[in-house]
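Structural overview
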Amino acid sequence: MREASIAIPVVGAAALYDINWFYPAFMLVMGAHYLPFSHLYGMRIFVPLGAVMWLVGLSIGLSAPA
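The notes below deal with the structure included here. If you're wondering where the values come from, they're calculated on a predicted model, not measured in any experiment.

**Quick word on the overall build of the chain**
On a plain count of helices and strands, the chain comes out with three helices and zero strands. Written out in order from the N terminus, the α and β elements of the chain read α-α-α. Every one of the 66 residues in the chain was classed for burial, and the buried ones make up 20%. Nonlocal contacts in the chain, meaning residues at least 24 apart in sequence, comprise 39% of its contacts between residues at least 6 apart.

See the structure below:
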């Protein structure tokens, strides 16, 4: 899982820039990691779960107050 080793420092860098970006950035990373699970485990429920998590993280990040 090379992607996980790169994604966590990116979330940390986003949090160092603005602490309010930690949870939205982490939700984007986790939502993106759900998509390969649908193919690895053959469970299609991971696709909408990952998409919802990704969209909620994006919406929180864009609508959070400055």
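Moving on from the coordinates now.
**As for helix 2 (residues 22-41)**
With 20 residues, helix 2 extends 28 Å between its outermost C-alpha atoms, agreeing within 8% with the 28 Å of an ideal straight helix rising 1.5 Å per residue. Within the span of helix 2, buried status applies to Pro-24, Ala-25, Val-29, Gly-31, His-33 and Ser-38. Just downstream of helix 2, Gly-42 is the residue with a positive phi angle, here 70 degrees.

What counts, and where the lines are drawn
- Residues numbered from 1 in each chain as written.
- Predicted model: local features only at pLDDT ≥ 70, side-chain atom pairs only at ≥ 80, totals over all residues.
- Heavy atoms only, no water.
- Helix = DSSP H or I, 4+ residues; strand = E, 2+ residues; numbered from the N terminus.
- Buried < 20%, exposed > 50% of the residue type's maximum accessible area, 1.4 Å probe, protein only.
- Contact = heavy atoms within 4.5 Å.
- Expected span 1.5 Å × (residues − 1).

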